[in-house]
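Analysis of the macromolecular model
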Amino acid sequence: MLKKKKVAIIKHDPKDKAKLDTQGKDSARFFNSGADVAILGSTQTTLRFHYALSLESLKAQFSTYDYLFVEGLKELPLPRICVARDSFDTRFLPFIQAIAIDSSIPKESLKPYQLEILDLNNPLEILKWIDTNIKE
C-alpha cells in the first residue's frame with residue numbers, strides 16, 4: 001500500500017510528554033513502519049532541535065513526500081479521520097469528517113453523527129478516503 005510511497009507523520013505533543021523509541025507507542029510504530037516522524041511540541045520539535053519549529057516549516061521540510069499525516073493539531077483545517085475502538089469520544093465531532101472503527105463499535109450507533117464510517121481493518125478503504133479527501 002504505502003510501502004512504495006514516501007510517508008511522513010507530524011505528531012502533536014502539546015505537553016512535551018512524548019517518549020521516543022518506546023516500543024508500542026505511536027511514534028515508534030510510525031518510524032518502524034518506514035515513515036519519517038516529527039513530534040511537534042510546545043517547547044521543542046523532535047527532530048531534536050532545541051527550539052520549537054512551526055508547522056509551516058515542517059510542511060516545507062516534508063514537501064517532497066507522497067503523504068504527510070498529522071496526528072493532533074485539531075485546530076488546523078485538515079480532513080480528519082477519527083480512529084475508535086470500543087468507544088467513540090464525541091468531543092472529536094467538530095473536527096472529523098470520517099471515523100474508522102472495528103467491530104467493537106456498532107455502525108448503527110454512529111448514524112446520528114452523519115460521518116463517513118470506515119472499516120479500521122481495511123487499510124485500502126482508508127487510503128482511498130485519504131486520496132479522495134487529501135489537501136495538497
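Report follows, based on the coordinates.

The rules behind the values
Residues numbered from 1 in each chain as written. Predicted model: local features only at pLDDT ≥ 70, side-chain atom pairs only at ≥ 80, totals over all residues. Heavy atoms only, no water. Core = buried A, V, L, I, M, F, W, Y, C linked by side-chain atoms within 4.5 Å. Buried < 20%, exposed > 50% of the residue type's maximum accessible area, 1.4 Å probe, protein only. Helix = DSSP H or I, 4+ residues; strand = E, 2+ residues; numbered from the N terminus. Contact = heavy atoms within 4.5 Å. Phe/Tyr/Trp six-rings, centres within 6.5 Å; stacked < 30°, edge-to-face > 60°. Lys NZ or Arg CZ within 6 Å of the ring centre and 35° of its normal. Salt bridge = Lys/Arg side-chain N within 4 Å of Asp/Glu carboxyl O.

Turning our attention to the nonpolar core. Among the nonpolar cores identified, the biggest contains 12 residues, and these are Val 7, Ile 9, Ala 35, Tyr 67, Ala 98, Ala 100, Leu 118, Leu 120, Ile 126, Leu 127, Trp 129 and Ile 130. Of all the elements in the fold, those that place two or more residues in this core are β1 (7-13), β6 (98-101) and α3 (123-133). Here the element with the most residues in this core is α3; it accounts for 4 residues. Every residue in contact with Leu 120, bar those within four places of it in the chain, is listed here: Val 83, Ala 84, Arg 85, Ala 100, Ile 101, Asp 102 and Ile 126.

Further remarks concern the packing of aromatic side chains. Considering all chains together, one arrives at 3 aromatic pairs under this definition. With 5.1 Å between their ring centres and 90° between their planes, Phe 62 and Tyr 65 make a pair best called edge-to-face. Of the two residues, Phe 62 and Tyr 65, neither departs from the other in class, the shared state being buried. Aromatic side chains Phe 88 and Tyr 113 sit 5.6 Å apart centroid to centroid with 65° between the ring planes, which places their arrangement in the edge-to-face category. Placement of Phe 88 in the loop between β5 (81-84) and β6 and of Tyr 113 in the loop between β6 and β7 (116-119) is noted, with a sequence separation of 25 residues between them. In this structure Phe 88 comes out as buried when scored by relative accessible area, which is 14%. With a relative accessible area of 33%, Tyr 113 lands in the partly exposed category. Against the face of Tyr 65 rests Lys 6, its NZ or CZ located 4.6 Å from the ring centre.

In total, this model carries 3 salt bridges according to the counting rule given. For Glu 71, the salt bridge identified is with Lys 11, shortest N-O distance 3.1 Å. With Glu 71 in strand β4 (residues 67-71) and Lys 11 in strand β1, this residue pair connects regions lying 60 residues apart in the sequence. A salt bridge links Asp 89 to Arg 91, with the nearest nitrogen and oxygen atoms 2.5 Å apart. With a relative accessible area of 28%, Asp 89 lands in the partly exposed category.

The phi torsion at Asp 86 lies on the positive side, around 70°, for a residue other than glycine. Residue placement: Asp 86 occurs in the loop between β5 and β6. With a phi angle near 55°, Gln 114 is a residue other than glycine that sits in the positive phi range. Within the fold, Gln 114 resides in the loop between β6 and β7.

Relative to the helices and strands, Lys 5 resides in the segment before β1. Taking the relative accessible area as the measure of exposure, Lys 5 reaches 41% and is therefore partly exposed. Filtering out sequence-adjacent residues up to four positions away, Lys 5 remains in contact with Asp 66 and Tyr 67.

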